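# Analysis of the macromolecular model
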Amino acid sequence: MKINIFLGVAIAVFFFSACKKENPLIEQPTTVKEDPLEYARDSISYSIDGVTYNLSKFSSFYRASNREPHSKVDSIVKNSYYISGLKDSVLYSRTYGIYNDQNKVDVLFIKTYAKASMVQAFIWRPKDVMDLFTVGTRNYAIDYGRDNIQNGIALSFSDGFKTYGSESFREPPKLSPDAQKYSKFEITSMEKLNSGTYILEAKFNAMVFNEKNESKKLENGYLRLVMSNIDFVL
């Protein structure tokens, strides 16, 4: 009798194992929650004279450029200005342009690097472009396009106002060294998404000037940039 019981159990176990092989458990696929920031757009907002402006664009990066840092006039020949600067360094800048039908704002990130810490492709660029976007405060480079001594941020608006002075050596600088004394630009976060895209957020205020040296106060500024890895080849 005991033999029959054990035989019955063995047969049951055999058929149970066979059923498991024929009908394997189907694992449910792991669902990854989609990050809404993957659909974010570049945007900027700010207030001037009590009026708030909001601008946005899907992708606003459009230029990386090089200039000679610590520029100065070597000579003037028949109204032609000959400029020179540091030969072992390069002022590198990246420009993001955000606009709507009425307005456009260019945001420039600016920094001088020794050539030894850069690579040369289409232009000179730092080996680590992300160095431009670390969290923290930035100065406004009020001599951008002229002396090119200062690192930091520059803003340019389609109505002719900007955070920096005249780029022409044909006239003396119009802005005093403390023109942006009470201004602030702070990168508050730099987040990397699962896709490899970076989201930069910043807040800022500034004084903006036109060629007549008229000024306006910009307040409550907010900037968001969506930066793809593809952007950093320049």
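Look above for the structure.
Residues numbered from 1 in each chain as written. Predicted model: local features only at pLDDT ≥ 70, side-chain atom pairs only at ≥ 80, totals over all residues. Heavy atoms only, no water.

## Observations regarding the pattern of salt bridges
How we decide: Any carboxyl oxygen of Asp or Glu within 4 Å of a side-chain nitrogen of Lys or Arg constitutes a salt bridge here. By the criteria applied, helices consist of DSSP H or I runs no shorter than four residues and strands consist of E runs no shorter than two, each listed in order from the N terminus. Here's how the labels work: a residue is buried when its accessible area is under 20% of the maximum for its type, exposed when over 50%, partly exposed in between, all with a 1.4 Å probe on protein chains only.
For the structure on display, the rule yields 11 salt bridges. Note that glutamate 68 and lysine 87 form a salt bridge whose closest N and O atoms lie 2.9 Å from each other. You can see glutamate 68 sitting in the loop between strand E3 (61-67) and strand E4 (72-77) and its partner lysine 87 sitting in the loop between strand E5 (80-84) and strand E6 (89-99), a full 19 residues away along the chain. Residue classification places glutamate 68 among the partly exposed positions, given a relative accessible area of 30%. Among the salt bridges present, the one from aspartate 131 reaches lysine 111, with a minimum N-O distance of 2.8 Å. Taken together, the residues span a long stretch of sequence, with aspartate 131 in the loop between strand E9 (124-126) and strand E10 (136-138) and lysine 111 in strand E7 (residues 104-114) at a distance of 20 residues. Taking relative accessible area as the criterion, aspartate 131 reaches 25% and is therefore assigned partly exposed. Connected via shared salt-bridge partners are Arg67, Lys162, Glu167, Glu171, Lys174 and Glu211.

## Quick notes on the environment of glutamate 201
Put simply, the rule reads: Residue contacts are counted whenever heavy atoms from the two residues lie within 4.5 Å of one another. Pairs of N or O atoms are called polar contacts if they sit within 3.5 Å, as long as, within protein, a hydrogen donor faces a hydrogen acceptor (for residues adjacent in sequence, only side-chain-to-side-chain pairs).
Within the secondary structure layout, glutamate 201 lies in strand E13 (residues 198-209). Looking at glutamate 201, the relative accessible area reads 27%, which means it is partly exposed. Distance from glutamate 201 to valine 226, taken between C-alpha atoms, is 9.1 Å for residues 25 residues apart in sequence. Contact partners of glutamate 201, with chain neighbours within four places excluded, come to Glu186, Ile187, Thr188, Ser189, Tyr222, Leu223 and Arg224. Here tyrosine 222 takes part through its side chain, which lies 2.6 Å from a polar atom of the side chain of glutamate 201.

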